[in-house]
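Close look at the chain arrangement
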Amino acid sequence: MSITPTPRQILETLLPHLRVAASYARFLQPKIAALPDKDTTDDNFFAAALTDADLAVQNFVEVAMLGNFPNTRFYGEEYQSSPNTKYFRAIDLGEQNDYLVTLDPIDGTKYYMDGHSNYQIILTVLNADDYEAVLAISPAQNVYFYALRGEGAFKGHLDMSLEESSPLTVSSNPEPTILLGTQMSALAPTLKNKYKVINPNVDYSSSVQVPNLNGMFAGLLSGAVKQKGQFIDGGALAFLAREAGFIVTTLDGSPLPPLHSCKNYCLPGLIVATSKTVHQDLLEATSIVQM
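Small disclaimer: the values here were computed from a predicted structure and weren't measured.

Focus on helix α1 (residues 7-28)
The end-to-end C-alpha distance of α1, which contains 22 residues, comes to 30 Å, matching closely the 32 Å that a straight helix rising 1.5 Å per residue would cover. Taken residue by residue, α1 has Pro7, Ile10, Leu11, Thr13, Leu14, Leu15, Leu18, Ala21, Ala22, Ala25 and Leu28 as its buried positions. Looking at the buried residues of α1, the elements they touch are α2 (52-68), β2 (100-107), α3 (109-113), β3 (120-126), β4 (131-138) and β5 (143-148).

Below, the structure is given as structure tokens:
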């Protein structure tokens, strides 16, 4: 391996390991027993869930990282619980082209614990200014999505190589459904005249699966409004959406800021939309609530 691997090299090298991690997560899901909730001040109940799979998948990917890219920065969501964190050169953003690889070992842990299929394993390659690459695997659905900066987004079956995958584009006829972040409930009344609105605080069910942000890629959503975009999950999926042709902005319609200007591995509020019309509707709803 080169001392400074390219984003594509990182994805290509880690994809076989992530396939194994996906098989493990799929096998373990019906057997999983929850560990105590994370110690978090976040009032998002999804973020409080923690399972054996989160820790095991992260440790497995960390071993692959240290074995293949020992000099590359790495940040995993469960870094505080991992015995490998101390062996990485750094866990934060570096200078331009000193990449940071991040991992959300089980994105959607609550979905995972309740037996739903729309959880993911998300790996990103971050530069100081922007995302360079994202790989989002859906183990239960046997698919993955990936994007490289400026090269578009792609979808493939889990056994396919990156080269065998197909371009991912915005659905021509998405469901007229808007997904709200857990702190964006106030937007619902304004949007309900035109869209079906999914408010996870109210609509989440342990027995009936409701779409989460990755539902954008299956045409299940016309748009989404997030109160923030964590680098490791919401921001990563927004990058995939942007590369696929979706409109992605901050809550006031501005372009996303450079990553190095953000704090706590987190982008500001996000709007993701399939069209200019949907984007305008979401902007207007956001501006009304903020007034």
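Brief notes about the packing of aromatic side chains
All told, the structure shown has 11 aromatic pairs when counted by the stated rule. On the numbers, 5.3 Å between centres and 45° between planes, the contact of Tyr75 with Tyr79 is tilted. On the basis of relative accessibility, which here comes to 10%, the residue Tyr75 falls in the buried class. Plain terms: the ring middles of Tyr75 and Tyr265 are 4.0 Å apart, the flat faces sit at 10° to each other, and that makes the pair stacked. Of this pair, Tyr75 sits in strand β1 (residues 73-76) while Tyr265 sits in the loop between β12 (247-250) and β13 (266-267), and the two are 190 residues apart along the sequence. Residue classification places Tyr265 among the partly exposed positions, given a relative accessible area of 22%. Each member of the aromatic cluster is reached from another via a ring pair, and the members are Tyr75, Tyr79, Phe231 and Tyr265.

Some words on the environment of Gln29
Within the secondary structure, Gln29 is located in the loop between α1 and α2. Once the C-alpha coordinates of Gln29 and Lys192 are considered, the two residues, 163 residues apart in sequence, prove to be 35 Å apart. Contacts of Gln29, omitting those with residues within four sequence positions, involve Tyr111, Tyr112, Gly115, His116 and Tyr119. Reaching out from Gln29, the side chain makes a polar contact with the backbone oxygen of Tyr112 at a distance of 3.0 Å. A distance of 2.8 Å separates a polar side-chain atom of Gln29 from the backbone oxygen of His116.

A word on the state of the cysteines
The full count for this structure, using the stated rule, is zero disulfides. Not part of a disulfide, Cys262 finds its nearest cysteine sulfur in Cys266, a span of 7.6 Å.

Some words on the sheet that holds strand β10 (residues 223-226)
As summarised here, the arrangement of the five strands in space is β9-β8-β10-β14-β12, forming an open sheet in which the pairing is mixed. The two strands at the open ends of the sheet, each matched to only one other strand, are β9 (196-198) and β12. Between one strand and the next, the sheet's axes are offset by a mean angle of 15°, whatever the strand orientation. In terms of strand pairing, β10 meets strand β14 (residues 270-273) through four bridges, oriented antiparallel. Bridging from a neighbouring strand, Lys226 pairs with Leu270 of β14. Helix α6 (residues 234-244) contacts β12 and β14 of the sheet and is inclined by roughly 35° relative to β14.

What counts as what
Residues numbered from 1 in each chain as written. Predicted model: local features only at pLDDT ≥ 70, side-chain atom pairs only at ≥ 80, totals over all residues. Heavy atoms only, no water. Helix = DSSP H or I, 4+ residues; strand = E, 2+ residues; numbered from the N terminus. Expected span 1.5 Å × (residues − 1). Buried < 20%, exposed > 50% of the residue type's maximum accessible area, 1.4 Å probe, protein only. Contact = heavy atoms within 4.5 Å. Phe/Tyr/Trp six-rings, centres within 6.5 Å; stacked < 30°, edge-to-face > 60°. Polar contact = N/O pair within 3.5 Å; in protein donor to acceptor, adjacent residues only side chain to side chain. Disulfide = S-S within 2.5 Å. Pairing = 2+ DSSP bridges. Axes fitted to C-alpha atoms, helices over the stretch in contact; angles between N-to-C directions.

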